[in-house]
Amino acid sequence: MNWIQNAIVLILSAAAIVQAPAAGADGWKAGVAKLEITPKVPMWMGGFASRNKPFEGVRQPIYVRALALEDGTGSSAAIVTFDLLMIDRGMADAIADRCRERFGLGRDRLLLNVSHTHSGPVAGRVLMTMYDLDASQSEIVRQYTENAIDRAVEAVGTAIRAMKPATASFGQSLAGIAVNRRRSPIFAGVPGGPVDSDVPVLCVRNPGGKILAVVVGYACHASALNDYLISNDWQGYALDEIDRAHPGVVSFFLQGCGGDCNAFPRRGEALARDHGKVLAAAVEEVLNGKMAPVAGALRSAFDRVEIPFKHPLTREELQQRLSDPDVHVRVFAKHMLSRLGRADRTEASYPYPILVWRFGGEFTLVALGGEVVVDYALRLKRQYGFDRTWVAGYSNEVMSYIPSRRILDEGGYESDASMIYYGRPGRYDDSVEEIIVGKVAALVERTAGTAP
Amino acid sequence: MRLALFAASLAAAAPAADAEAAPAPWKAGAASVEITPAEPIRLAGFSFRTRPSEGVRQALHVKALALRDATGKTAALVTADLAIVKRDVWDAVAERCRKQFGIERDGILLNESHSHSGPLVGMGAFPPPYELTPDQEAVVRRYTAGFVDKAVEAVGLALGRLAPAALAYGHGLAGIAVNRRRLPSFGPVPGGPVDHDVPVLSVRDSRGGLVAIVAGYACHATVFMDYQIGGDWPGCAQEQIEAAHPGAVALFVQGCGGDSFAFPRKSAELAAIYGRKLAAAVEQTLGSEMVPLSGPLRTAFACVDVPFQAPPSRQELEKGRDGPDRIARRHAALLLRQLDGAGRLPDRYPYPVQVWRFGHGLTLIALGGEVVVDYSRRLKAQYGWDTTWVAGYSNDTFAYIPSLRVLREGGYEGRDAMVFKGLPAPFAESVEETIVGEAGELVRRTSE
């Protein structure tokens, strides 16, 4: 239990003022919780294959945060964000199962999202071919993962118990932080790629108008820092700024479709801090401007859709790769063979998770699994309205990059090279984008209800 | 004649058999001259400002980089921490440089950072869209005359410092700009493109010391919207770069940032942050492997006629003159005066295009006006992203230059801004092909 520094539980809605006539006018109740998940024992950090030893210190504590929301119909839901590189399906399922058992939350009422910090500890069992973990380091990761799951469930429970009448509002700003990194030959050497500069903000206030929670989105890797100190990268500085400007608030970062976008230039704490301040200033623009009240029911839908791999690998193909000159390919092949069991080839597809939350008539939040490239956000917002659609990536689990058809055609890191690290049998089939966008449409339809 | 003799002696000093030991193929010199206004002056760029400046946040400079290739071809890049400089002023600078230094028009490239904390400049040929008192107008004229002198002075100083140099080119990336047409006040058209490239030209002396660093970026300089004089975020960036390299002159070249801005805005801290980000991108580029540039330097300059759409009729203008909007009234009155004077409104604009080609390593295309980002993306796609630098705001910032896409979408840069520029009508749909075609012609001419 002392893997993780003592939990700091912040129950911030307890001071809700009851006298305000606006109380519950649009029917919301909300509660927040923020638990620290900074590792105590030196362990491997996630995200960069170049790191060759455990972390050496802590630049910023890292957290799991939960925002519990109950709409006017009495139905609860929770957003849980992790200052981690990723969570895998095993972690997501464990958290979702326990939240259903303990709090009655259906799978469609739970949104899990990671900041994608490249300065957090390794958690879960994904991306294992990237790290050189010995048995004792693997055991540390296993135990850290268990504790992160416990903390997440505890945060949801705490937030639900803290729920009090609240109001919600939505607005957007813009922030110049992300660049399309595929310009660089390291990723693809394809210039001119798009970015999504939108900063969607969900603000939750108590009936007296005091801000309880700010949920902010942006589509950009958290990889500005590449040393041996634990932190939530530039997003951590952004959240610190927001928290400082609004004492008592719990701010949440929801990673968008930043699969192919990085904060640039990077490296060094000063730049990370600068990127964070830009996002925080964009959030202030929204909070100080006219936000749209969010009324009505929260309708939700969760489902999985099979996304096929282009060429599942046969046992023979994997065995050939055991003697590949690239160590990562050898490790990959060994790993895939160990997973093969009696099958003669690797799995044909991945069951890809998609979650849609419709906040009354105001906006729709589409949460996609994996490291989704920015094309998805732009396409879905174009389809459903840039001013009423929030597209999160890195949600519910990270299984791989999720390339668009364009990126599959162009090739490069996100479509191909990264799949080795993820232990996936090569690139996805060309149909992946249409399958995902089609499934999103079905879920959006399912959440339409009678709302406008 | 003196130049030709000099070139011959330089060539003679280079033993052809030993290319490795050959002297640097370039001579270069750089200079920076302060142009901070000495008295309160109306600032350029925002029509809501109604009074003169109230202080100085940051000193302004005009900077020059003089270059001479091994053939003796001499050219000068001039950059200014100003918002909008039209051809009356830049032509005056170019003409004086031709007379005093013998540099032809194609060898002088003039670019302003588009800082909206810079003063109005102009010689009265193109009145600004704001009402100025006669006193305020006199201040602008005085300042403009001084600015022309100092720009020429900077070129002269830079030429005087010509010394053997090595040029290299590279590019970084910086996330500062967003496409502003996402906002209702400009479009609203979400999902527009940006150009995050940071082209960097380094100029080093024979000992490897940095003499000049030229950096570009495509992004409005509109973080500050108050009454303090300054260089906005490009001013901060240049200060950062010069602080990191004492003795070197940092020149900022505005790119095709017509529809991009740094966002969020309105704070000194944010301007400093954007400046640091650009400076860090420049620093990382200087620290990476840059491509050495060989000569020769080939230059070309031309004005191509870009047609306007059909102008408004006298009847429409007379109606507009009595309309509710202050700016529109002023614009209609201006056009009516032109109509009365010349009998007709102009149907085209002589649009300046300039190309500098540095051997095979770099082609610098400098376009007039507030060019939208589509142009840099299209030209870089055509001529190579890694060897092409596209500047906007060069030689004559007289109007927004929309692409066909932006023109058809409408909004501020495509149509509405024309009233601020004193021009009769939006550009015709041929605008993009005309400009890209002329750029292509000059690229061909400098490749022969």
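Up top you'll find the structure we're talking about.
Quick look at the structure, then. Computed from a predicted structure; not experimentally measured.

Thresholds, definitions, all that
Residues numbered from 1 in each chain as written. Chains lettered and ligands numbered in written order. Predicted model: local features only at pLDDT ≥ 70, side-chain atom pairs only at ≥ 80, totals over all residues. Heavy atoms only, no water. Helix = DSSP H or I, 4+ residues; strand = E, 2+ residues; numbered from the N terminus. Rg over C-alpha atoms; globule rule 2.2 N^0.38 Å. Contact = heavy atoms within 4.5 Å. Areas by Shrake-Rupley, 256 points an atom, 1.4 Å probe, with all protein chains shown as cover. Lys, Arg positive; Asp, Glu negative; His and termini not counted. Charge placed at Lys NZ, Arg CZ, Asp CG, Glu CD. Buried area = accessible area lost by both parts, 1.4 Å probe. Salt bridge = Lys/Arg side-chain N within 4 Å of Asp/Glu carboxyl O. Polar contact = N/O pair within 3.5 Å; in protein donor to acceptor, adjacent residues only side chain to side chain. Nonpolar A, V, L, I, M, F, W, Y, C, P; charged D, E, K, R; others polar. Core = buried A, V, L, I, M, F, W, Y, C linked by side-chain atoms within 4.5 Å. Buried < 20%, exposed > 50% of the residue type's maximum accessible area, 1.4 Å probe, protein only. Axes fitted to C-alpha atoms, helices over the stretch in contact; angles between N-to-C directions. Parallel < 35°, antiparallel > 145°, perpendicular 65-115°, else oblique. Left-handed = near helix turned anticlockwise from the far one by under 90°.

Focus: the overall build of chain A
Scanning chain A from N- to C-terminus turns up 10 helices and 19 strands. Whereas a compact globule of 452 residues would reach a radius of gyration of roughly 22 Å, chain A reaches 21 Å, a difference of no more than 12%. For chain A, the spread of C-alpha atoms along the principal axes amounts to about 70 × 45 × 45 Å. Within chain A, residue pairs in contact and separated by at least 24 positions form 81% of the contacts whose partners lie at least 6 positions apart. For chain A, the exposed area adds up to about 15300 Å²; of that, 51% sits on carbon and sulfur atoms. Once the 50 positive and 51 negative side-chain charges of chain A are each reduced to a mean point, those two points are 2 Å apart.

Here's the deal with the overall build of chain B
For chain B, the helix and strand inventory stands at 12 helices and 19 strands. Taken over the C-alpha trace, chain B has a radius of gyration of 21 Å; the compact-globule value for 448 residues is 22 Å, and the two agree within 12%. Counting only C-alpha atoms, chain B reaches 75 × 45 × 45 Å along its principal axes. Looking at chain B alone, contacts between residues at least 24 apart form 79% of all its contacts between residues at least 6 apart. When the accessible area of chain B is evaluated, it comes to approximately 16600 Å², of which 54% is carbon and sulfur surface. With 48 positive and 49 negative side-chain charges, chain B shows a spacing of 2 Å between the two charge centroids.

Quick look at the interface of chain B and chain A
At the junction of the two partners, chain B supplies 30 residues and chain A supplies 29 residues. If you sort the residues of chain B by the area they bury against chain A, Leu 173, Arg 182 and Lys 277 of chain B come out on top, with a joint share of 26%. Connecting chain B to chain A are six salt bridges. With a shortest N-O distance of 2.7 Å, Lys 277 of chain A and Glu 269 of chain B are connected by a salt bridge. Where chain B meets chain A, there are 15 residue pairs in polar contact (both at pLDDT 80 or more). Sorting the residues of the side of chain B that touches chain A by element identifies strand S6 (163-173), strand S7 (177-179) and helix H5 (268-286) of chain B as the ones contributing at least two each. Sorting elements by how many residues they give to the side of chain B that touches chain A places H5 of chain B first, with nine residues. Within the side of chain B that touches chain A, the residues separate by chemical class into 16 nonpolar, six polar and eight charged.

Digging into the side chain of Arg 427 of chain A
Residue and element names in this part refer to chain A. With respect to the element layout, Arg 427 can be found in the loop between helix H9 (413-422) and helix H10 (432-446). A polar contact is formed between the side chain of Arg 427 and the backbone oxygen of Leu 408, at a distance of 2.8 Å. Among all residues touching Arg 427, those that are not within four sequence positions of it are Phe 309, Lys 310, Leu 408, Gly 411, Ser 415, Asp 416 and Met 419.

Regarding the nonpolar core
Judged by nonpolar contacts, the single largest core of 69 residues is most densely connected at Tyr 218 and Leu 279 of chain A together with Tyr 217 and Trp 233 of chain B. Membership of the second largest hydrophobic core comes to 55 residues, among which are Ala 78, Ala 159, Ile 160 and Tyr 421 of chain A.

Some remarks on the packing of helix H6 (residues 314-321) of chain B against helix H7 (residues 326-342) of chain B
If you want to describe how two helices pack, look at the angle between their axes and the distance between the axes. All names here are of chain B. Two elements in contact, H6 and H7, have axes separated by 7 Å at closest approach and are oriented at 140°. Classified by the angle their axes make, H6 and H7 are oblique. Remark: the crossing between H6 and H7 carries left-handed chirality. For the pair H6 and H7, the contacting residues are Arg 314, Leu 317, Glu 318, Gly 320 and Arg 321 in the first and Ala 328, Arg 329, Ala 332, Ala 333, Leu 335, Leu 336, Leu 339 and Asp 340 in the second. In the contact of H6 with H7, the residues fall into seven nonpolar, one polar and five charged.

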